[in-house]
Amino acid sequence: GTQFSEALLFTHRGLSGPAILQISNYWQAGQSISINLLPNESAKDKIELALANHPKQSLRNTISQWLPKRLVEALFEAALLDKALNQLGHGEREQIAQDLNEWSIVMNGTEGYRTAEVTLGGVDTNELSSKTMQSSKVTGLYFIGEVMDVSGWLGGFNFQWA
Ligand SMILES: Cc1cc2nc3c(=O)[nH]c(=O)nc-3n(C[C@H](O)[C@H](O)[C@H](O)COP(=O)(O)OP(=O)(O)OC[C@H]3O[C@@H](n4cnc5c(N)ncnc54)[C@H](O)[C@@H]3O)c2cc1C
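Residues numbered from 1 in each chain as written. Predicted model: local features only at pLDDT ≥ 70, side-chain atom pairs only at ≥ 80, totals over all residues. Heavy atoms only, no water.

A.B. asks: What is the right way to look at the domain arrangement of the protein in this model?
C.D. replies: Interfaces are often described in size by the accessible area the parts lose on coming together. You can read the domains of the protein as domain 1 (9-106) and domain 2 (118-162). Contact residues are listed per partner, giving five residues for domain 1 and six residues for domain 2. For the pairing of domain 1 and domain 2, the buried interface totals around 480 Å² over both sides, and the portion due to carbon and sulfur atoms is 52%. When the buried area of domain 1 at its contact with domain 2 is split by residue, Gln22, Asn25 and Tyr26 rank highest and sum to 82% of it. (Domains from an automatic or database assignment. Contact = heavy atoms within 4.5 Å. Buried area = accessible area lost by both parts, 1.4 Å probe.)

Written out as structure tokens, the structure reads:
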């Protein structure tokens, strides 16, 4: 149920950018994530409005006004994009709208430790004094920063904490 409204970046390896870095903190292998490519807008309403105003406009030209053309061509089949809006069935329009507002994908992995910026897990905070950071088990032993089970969101929280 965790969600972030941040920028998204398409790289030659896959998805990146702040939104993806943030959600990767919560993602478990095999889980799908849902991406809203038109945040704060109803793709269904936009498509129905375009259909009413420009029924003969192709789906490609319609969606390319909202998203980069190369992304549009990667998301949808060419045969579908070539159709005029008034050639699309109700079900097709619903599906296209869902793909735009709730693009669901299963990532096949992350880049792992090689490019990770922060790690989950570490020394349990319950075993440390919050005033001195001293271990409650071993006098004179202190922990702070990445080695602890504290993972900050983007925004400098990890540096600040460390
Ligand atoms: C690419 C990248 C980008 C990041 N960007 C941000 C950011 O924008 N904002 C933010 O808040 N956080 C960011 N982080 C996270 C942040 O860098 C870490 O949370 C923070 O540096 C942790 O500090 P630390 O001192 O606990 O650990 P570290 O900085 O990892 O320091 C541990 C040190 O211990 C040394 N060491 C390890 N083992 C031994 C040993 N056996 N003997 C002696 N020395 C040893 C290591 O060489 C290292 O110098 C980023 C991390 C990465 C990798």
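A.B. asks: What should I look at first to understand the site of the ligand in this one?
C.D. replies: Around the ligand sit Ala116, Glu117, Ile144, Gly145, Glu146, Gly156, Phe157, Asn158, Phe159 and Ala162, and that is every residue in its neighbourhood. Within the contact set of the ligand, an oxygen atom lies 2.8 Å away from a backbone nitrogen or oxygen of Glu146. Between an oxygen atom of the ligand and a main-chain N or O atom of Gly156, the distance comes to 3.2 Å. Within the complex, the protein chains bury 34% of what would otherwise be the 1000 Å² of accessible surface of the ligand. Classifying every residue of the shell around the ligand gives five nonpolar, three polar and two charged. (Near = heavy atom within 4 Å. Polar contact = N/O pair within 3.5 Å; in protein donor to acceptor, adjacent residues only side chain to side chain. Areas by Shrake-Rupley, 256 points an atom, 1.4 Å probe, with all protein chains shown as cover. Nonpolar A, V, L, I, M, F, W, Y, C, P; charged D, E, K, R; others polar.)

A.B. asks: When you look at helix H2 (residues 43-53) in this model, what are you seeing that I'm missing?
C.D. replies: Residues three or four positions apart in an α-helix share a direction because the helix packs 3.6 residues into each turn. Every buried residue of H2 is accounted for by Ala43, Ile47, Ala50 and Leu51. Angular distribution of buried residues about the axis of H2 spans 100 degrees; they occupy a single face of the element. The exposed residues of H2 that point more than 90 degrees off its buried face are Asp45, Leu49 and Ala52. Among the structural elements, helix H3 (59-63) and helix H6 (90-101) are those in contact with the buried residues of H2. (Buried < 20%, exposed > 50% of the residue type's maximum accessible area, 1.4 Å probe, protein only. Helix = DSSP H or I, 4+ residues; strand = E, 2+ residues; numbered from the N terminus. Arc of directions from axis to C-beta.)

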